[in-house]
Amino acid sequence: MIDHANIAPRLREVIVKHGREFTVRKNQVFQSTDHREVFTLIVEGYIKRYSITKDGSQSIQSIYGPGFLYPLTLFFNNMLNQKIYTGRESYYYETMVPSKLYTIDIETLKNFINVDPTLYKEILQVAGRRFHSNIHNLENLSLDNVYKRLAHSIAHYAEVFGVETNHGIKIEVPLRQQDFASILDVARETVSLNMKLLRQKKLIKGTMNIIVVDYEKLLDEAYS
């Protein structure tokens, strides 16, 4: 499982000490653009980032949890003069549970980075974690069917948001069947059917806050 506490600790310290704290209630859309000049740290809670499809449904691109920082596009645009996204899509940020965030404006962060260039290394660590998730998303699209893609997706969230328990790896983020449907771009009924198959094989149990009973066998199902 990924130890988020050891990723970019100095960067998080700067944002908490010199940024602005605010709390957001559950299911609140609190940001509808990536063009704000602030860098955000999640201290508590989970947030989904999504776009709206032509039929009005959500298409979830990312889920962020404690220790996550975003948007990286802001850092690359302002610190490295490198545009990594030039599309016109609007993205929305919505809390999945009550959440606590800290924000810091990019100019303030720039000043700290100029004084302490080692912060560049920590931002690269953050970027590496995001790169890891993007590779997962690309690989997921290449799998043969929804059953394998669902197994692959659950294994990924167990790795990113999982906590070891006596019963298996508990995924801390409350993922509903509709969330998986939005992530995989399939019908909720299709997710429900394949989730049932994974439970019958005793690879997972529970509905929200899924517990992965056998992580390695779940990966085997994804890559079979």
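Conventions used here
Residues numbered from 1 in each chain as written. Predicted model: local features only at pLDDT ≥ 70, side-chain atom pairs only at ≥ 80, totals over all residues. Heavy atoms only, no water. Core = buried A, V, L, I, M, F, W, Y, C linked by side-chain atoms within 4.5 Å. Buried < 20%, exposed > 50% of the residue type's maximum accessible area, 1.4 Å probe, protein only. Helix = DSSP H or I, 4+ residues; strand = E, 2+ residues; numbered from the N terminus. Contact = heavy atoms within 4.5 Å. Salt bridge = Lys/Arg side-chain N within 4 Å of Asp/Glu carboxyl O. Pairing = 2+ DSSP bridges. Axes fitted to C-alpha atoms, helices over the stretch in contact; angles between N-to-C directions. Parallel < 35°, antiparallel > 145°, perpendicular 65-115°, else oblique. Nonpolar A, V, L, I, M, F, W, Y, C, P; charged D, E, K, R; others polar. Arc of directions from axis to C-beta. Polar contact = N/O pair within 3.5 Å; in protein donor to acceptor, adjacent residues only side chain to side chain.

A.B. asks: Summarise the nonpolar core; cite the residues concerned and give the values.
C.D. replies: Within the largest apolar cluster, 43 residues are counted, with the highest numbers of intra-cluster contacts made by I154 and I171. Mapped by element, the contributors of at least two residues to this core are β1 (20-24), β4 (47-52), β5 (58-64), α5 (146-161), β10 (168-171), α6 (177-184), α7 (188-200) and α8 (215-223). The biggest single contributor to this core is α5, with nine residues. Sequence-distant contacts of I154, that is, excluding residues within four places in its chain, are made with I171, F180, M195, L198, I204, I210, V212 and L218. Core analysis: the second largest hydrophobic core is formed by 22 residues, F75, L109, I123 and A127 among them.

A.B. asks: Requested: an account of the pattern of salt bridges, with residues and values cited.
C.D. replies: Taken as a whole and assessed by the stated rule, the structure comprises ten salt bridges. Its salt-bridge partner being R10, residue E13 comes within 3.6 Å of it at the nearest N-O pair. Taken together, the positions of E13 and R10, both in helix α1 (residues 9-18) and three residues apart, correspond to about one turn of that helix. Judged by its relative accessible area of 32%, R10 falls in the partly exposed class. Two residues, K201 and E221, come together in a salt bridge whose shortest N-O distance is 2.9 Å. Taken as a pair, K201 in the loop between α7 and β11 (204-205) and E221 in helix α8 lie far apart in primary sequence, 20 residues in all. Given a relative accessible area of 46%, K201 falls into the partly exposed group. Residue class for E221 comes out buried when judged on its relative accessible area of 19%.

A.B. asks: Lay out the sheet that holds β4 in plain terms, naming residues and giving numbers.
C.D. replies: Each strand in a sheet pairs with another by means of backbone hydrogen bonds, the pair being arranged parallel or else antiparallel. Here four strands make up an open sheet; going across it, the order is β2-β7-β4-β5 and the pairing antiparallel. With one partner strand each, in any of the chains shown, β2 (29-31) and β5 form the two edges of the open sheet. On average, each strand axis in the sheet is tilted by 35° relative to the strand beside it, whichever way the strands run.

A.B. asks: How would you sum up the packing of α5 against α7? Please name residues and give values.
C.D. replies: The interhelical angle for the contact between α5 and α7, taken along N-to-C directions, is 70°, at an axis separation of 10 Å. Judged by the angle between their axes, α5 and α7 are roughly perpendicular. Taken together, the residues of α7 that come into contact with α5 (itself represented by V146, Y147, L150, A151 and I154) are T190, V191, N194, M195, L197 and L198. Here the residues of the contact of α5 with α7 are counted per class, giving nine nonpolar, two polar and no charged.

A.B. asks: So what's going on with α8? Which residues, and what values?
C.D. replies: Here α8 has its buried residues at Y215, L218, L219, E221 and A222. Considered in projection along α8, the buried side chains sweep an arc of 155° and stay on one side of the axis. Looking at the buried positions of α8, the neighbouring elements they touch are α5, β10, α7, β11 and β12 (211-212). At the N-terminal end of α8, a side-chain oxygen is found 3.4 Å from the backbone nitrogen of E216, two or three residues along, and the residue is D214.

A.B. asks: I'd like to hear about the pairing of strand β8 (residues 99-105), residue by residue, with values.
C.D. replies: Within β8, five of the seven residues are buried, which leaves it mostly tucked inside the rest of the structure. With five bridges connecting them, β1 and β8 associate as antiparallel partners. Residue pairing across strands places E21 opposite Y102, the latter belonging to β8. As judged from the six bridges shared by strand β3 (residues 38-44) and β8, these two strands associate in the antiparallel manner. Each residue of the ladder has a partner; that of E44, found in β8, is K100.

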